[in-house]
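# Working through the structure, step by step
So you can see what is in the structure, the chains are spelled out below.
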Amino acid sequence: MKNILISILLLVSPLIWGQTAFYNSGGLQLHSNTQIGFHTNFINDSEFTTTDGLIGFYGDNPITLQGIIAPTIYDAEIFLPNNLLLENQLNVTNNFNFIGGNVESLLSNETVYLNFEENAFFTGENDTSKVTGFAAITDKRFFSFPVGDETLLRPLLLESDNTNDFALCAYLFENPSNPTSIPERFDTDNIVRDIGFVSDQEFWIIQANQPSVVTVSWNPRSALDNLATSVEEIILVGWSKSSDRWIAIGNSAISGDLNQGFLVSEKFVPSDYAAITFGTTPLPTDTFAVNNPTLGNYFLSPNGDGTNDFLVFDEIEDVGANQVFIYNRFGQKVFAMANYVNEFGGVSNIDNLVLSRDDGLPEGIYFYTVTLFDEGLDYQGFLFLDR
């Protein structure tokens, strides 16, 4: 290592080696198979691109990457228990090896990140060595972001329909309504009607312009048992940039229990949302029963026998203008009708819902809402569809 460092210093006169920083102001060149270890801060103010070799960050003291030009490194590794702090973007073209310590950046600054270029990958990520800030990708369709907070690795898997020119991800173990690391606020009480509750424990920031599905997991620290009584109630929700509130994204798959598990989202465009986290479908309520005891939870068995073939709200035809929505357990709208008069027989009328209409909706629990406009009343409840 000493010989390598000496050869660089002899070749490149604009370099300054001091007690607190290694400064590149121009002309830095690396030979093939070079291995360099940084034990001090790195200030990069000139072009620094490697097509071979390894750059490592080591030692007992924290190291800061600074400068006005982002270095591009072929192979990199970190064995730095007190973390590598990025104040400048760092690009990796091959492998980044997480041995020990985090790659940290300010969550309030999305322009600074550890960037994995087209063919780059990583190894060794774990609870003590990951990205605690922003991780990014360029020219990738599929990637698992090795993000988390100081305590835990909380990765997000992104699978897009097409290659993303750029995508960005971070994890925050903070209350979305009042995060400490970013100025934005995502009020967990500001929700659409088809959401019951939104987690106040954690959230992810994921930005990508391609239609995508994401996979995220939860653990005991996520405290989903404070939100739901069963895992079937858990859905992915996102803070919509267009409506400034939480809306349901929904799940294509979910597994586990309230203590630990994962979900795969429905397809969505991540950049339409400022944050994503866990939410629930609404819980049953007795609010409507106080006003009209003929509304409640229903059993529907559309088999043509004349009994429970349709969702019937007694005397709804006498209350004037109304609107009925029905949602599945993932928070997807499967039926909508203005001035409803008991037409729902287990078949969706939503055009963008992909299913076999002839077979009808699958058996299971569904959630409905009824709005009576003239009375200014909103009701909600569950129905069980039996096949």
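My aim in this report is to walk through the structure given alongside it, one point at a time. (Residues numbered from 1 in each chain as written. Predicted model: local features only at pLDDT ≥ 70, side-chain atom pairs only at ≥ 80, totals over all residues. Heavy atoms only, no water.)

## Observations regarding the overall build of the chain
- Helix and strand counts for the chain stand at two helices and 29 strands.
- Residue burial in the chain is summarised as follows: out of 387 residues, 51% are buried.
- Of all intrachain contacts in the chain linking residues separated by at least 6 positions in sequence, the fraction that spans at least 24 positions is 53%. (Helix = DSSP H or I, 4+ residues; strand = E, 2+ residues; numbered from the N terminus. Buried < 20%, exposed > 50% of the residue type's maximum accessible area, 1.4 Å probe, protein only. Contact = heavy atoms within 4.5 Å.)

## Remarks on the layout of surface pockets
- In this structure, the second largest pocket occupies an estimated 390 Å³ of space.
- It is strand β21 (residues 245–248) that contributes the most residues to the lining of the second largest pocket, three residues altogether.
- Grouping the constituent residues of the lining of the second largest pocket by class yields nine nonpolar, three polar and six charged. (1 Å grid on protein atoms, 1.4 Å probe; cavity = no way out; pocket = protein on both sides within 12 Å on 5 of 7 lines; lining within 4 Å. Points joined across faces, edges and corners; volume = space filled by probe spheres on them. Nonpolar A, V, L, I, M, F, W, Y, C, P; charged D, E, K, R; others polar.)

## Points about the nonpolar core
- One finds Phe96, Leu114, Phe145, Leu156, Trp204 and Ile276 to be the most contacted residues of the largest nonpolar core, which totals 56 residues.
- Here the element with the most residues in this core is strand β9 (residues 90–100); it accounts for four residues.
- Ala136, Val192, Ile205 and Ala275 belong to the second-largest nonpolar core, a separate cluster that totals 21 residues. (Core = buried A, V, L, I, M, F, W, Y, C linked by side-chain atoms within 4.5 Å.)

## Re the pairing of strand β16 (residues 156–164)
- Relative to β16, strand β15 (residues 140–145) runs antiparallel, the two sharing five bridges. Looking across to β16, one finds that Lys140 is bridged to Asn164.
- Two elements, β16 and strand β19 (residues 212–218), share four bridges in a ladder whose sense is antiparallel. For Glu159, the partnering residue across the bridge sits in β19 and is Val213. (Pairing = 2+ DSSP bridges.)

## Examining the pattern of salt bridges
- The final tally for this structure, using the stated rule, is four salt bridges.
- When the shortest N-O distance is used, the salt bridge between Arg141 and Glu159 registers 3.9 Å. Taken as a pair, Arg141 in strand β15 and Glu159 in strand β16 lie far apart in primary sequence, 18 residues in all.
- With a shortest N-O distance of 3.1 Å, Lys267 and Asp161 are connected by a salt bridge. With Lys267 in the loop between β23 (261–265) and β24 (273–280) and Asp161 in strand β16, this pair connects stretches of sequence that are 106 residues apart. (Salt bridge = Lys/Arg side-chain N within 4 Å of Asp/Glu carboxyl O.)

## Structural notes on the packing of aromatic side chains
- Tallied over the entire structure, the rule returns 30 aromatic pairs.
- Ring plane angle 15° and centroid distance 4.5 Å describe the contact between Phe38 and Phe42, whose orientation is recorded as stacked.
- We classify Phe42 as buried; its relative accessible area is 1%.
- On the numbers, 5.6 Å between centres and 75° between planes, the contact of Phe122 with Phe143 is edge-to-face. Here the residue Phe122 occupies a position in strand β12 (residues 121–123), and Phe143 occupies one in strand β15, the gap between them amounting to 21 residues.
- Judged by its relative accessible area of 6%, Phe143 falls in the buried class.
- Three or more aromatic residues joined by ring pairs form one cluster here, namely Phe96, Phe98, Phe116, Phe122, Phe143 and Phe145.
- Across from the ring centre of Phe173, 3.6 Å away, lies the NZ or CZ of Arg221, which sits over that ring. (Phe/Tyr/Trp six-rings, centres within 6.5 Å; stacked < 30°, edge-to-face > 60°. Lys NZ or Arg CZ within 6 Å of the ring centre and 35° of its normal.)

## Topic: the sheet that holds β23
- Overall, antiparallel pairing links the five strands, which are arranged β15-β16-β19-β23-β22 in an open sheet. The open sheet has two edge strands, β15 and β22 (251–256), and neither has a second partner. Each neighbouring strand pair of the sheet contributes to a mean axis angle of 10°, computed without reference to strand direction. (Axes fitted to C-alpha atoms, helices over the stretch in contact; angles between N-to-C directions.)

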